[in-house]
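If you want the building blocks of each chain, they are given just below.
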Amino acid sequence: MKDNYDEETITKAQDVTKRYIENNYDNIESIEVDEPRESPMGSIKVDGTVNGNAEFTVSLSEDFSVNSIGEKEGFPDRKNECQDKDCSY
């Protein structure tokens, strides 16, 4: 299900998602993201794949800060310095 976000919102949501993963996780070779969708609670969700096989879902707030990330099997480990806090994105 796709929602009708404008191009600016789509691009920003995808960029924030990619930067968050690059800055917080080790061994990122590639990140592919889908178009954002709206969750039932109103947040922006971005689904994607890391390194060609590990799926994820990132939940963004209205101001594009990352609320949470759901990591599926095979997702890379968090960087040591980002274990207890989110590294900048």
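These lines cover the structure that appears in this document, whether it is placed above or below. The structure presented is a predicted model; accordingly, all values stated were derived computationally and were not measured.

This part is about unusual backbone geometry. Even without glycine at this site, Asn-27 takes up a positive phi of about 55°. Mapped onto the elements, Asn-27 comes out in the loop between helix 1 (7-24) and strand 1 (31-33). By relative accessible area, which is 64% here, Asn-27 ends up exposed. For Phe-64, which is not a glycine, the phi torsion comes out positive at approximately 70°.

It is worth spelling out the pattern of salt bridges at this point. Summed over the entire model, instances satisfying the criterion amount to 3 salt bridges. The salt bridge partner of Asp-86 is Arg-78, with a shortest N-O separation of 3.1 Å. For Asp-86, a relative accessible area of 38% gives the class partly exposed.

Positionally, Ser-61 belongs in the loop between strand 4 (54-60) and strand 5 (66-71). A residue is classified by how much of its surface remains accessible, and Ser-61, at 16% relative accessible area, is buried. A polar contact is formed between the side chain of Ser-61 and the side chain of Asp-63, at a distance of 2.4 Å.

We now examine the environment of Gly-42. Checked against the element boundaries, Gly-42 lands in the loop between strand 2 (37-38) and strand 3 (44-50). In this structure Gly-42 comes out as partly exposed when scored by relative accessible area, which is 40%. Along the chain, Gly-42 and Lys-85 lie 43 residues apart, while their C-alpha atoms are 25 Å from each other.

The next point concerns the packing of aromatic side chains. For any pair of aromatic rings, the description rests on two quantities: the centre-to-centre distance and the angle between the ring planes. Tallying each qualifying case throughout the model produces 2 aromatic pairs. Ring geometry for Tyr-25 against Phe-75: centres 4.9 Å apart, planes inclined by 90°, an arrangement best described as edge-to-face. Of the two residues, Tyr-25 sits in the loop between helix 1 and strand 1 while Phe-75 sits in the segment after strand 5, which places them 50 residues apart along the sequence. For the residue pair Tyr-25 and Phe-75, the accessibility class agrees, reading buried in each case. Each ring, one from Phe-56 and one from Phe-75, has its centre 6.0 Å from the other, and the planes form 75°; the classification is edge-to-face. Of this pair, Phe-56 sits in strand 4 while Phe-75 sits in the segment after strand 5, placing them 19 residues apart in sequence. Accessibility expressed as a relative area gives 10% for Phe-75, which makes it buried. Following the ring pairs from residue to residue traces out a cluster consisting of Tyr-25, Phe-56 and Phe-75.

Reading guide: rules and limits
Along each chain, the written sequence defines residue order, and numbers are assigned to residues from 1. Local features are withheld for residues below a pLDDT of 70 in this predicted model, meaning they are given only at 70 or higher, and side-chain atom pairs are given and counted only at 80 or more; totals for whole chains, interfaces and linings count all residues. By convention in this description, side-chain values take in all heavy atoms of the structure and omit both hydrogens and water. Comment: elements are numbered from the N terminus, with helices defined as DSSP H or I runs of at least four residues and strands as E runs of at least two. Each residue is assigned to one of three classes by its accessible area relative to the maximum for its type, calculated with a 1.4 Å probe on protein chains only: buried under 20%, partly exposed between the two thresholds, exposed over 50%. Just to be clear on terms, a salt bridge is a Lys or Arg side-chain nitrogen sitting within 4 Å of an Asp or Glu carboxyl oxygen. Polar contacts, as counted here, are pairs of nitrogen or oxygen atoms within 3.5 Å of one another; within protein the pair requires one atom able to donate a hydrogen and one able to accept it, and residues that are adjacent in sequence qualify only if both atoms are side-chain atoms. Aromatic rings from Phe, Tyr and Trp, taking only the six-membered ring of Trp, are treated as a pair when their centres fall within 6.5 Å; an angle between ring planes under 30 degrees marks them as stacked, one over 60 as edge-to-face, and anything in between as tilted.

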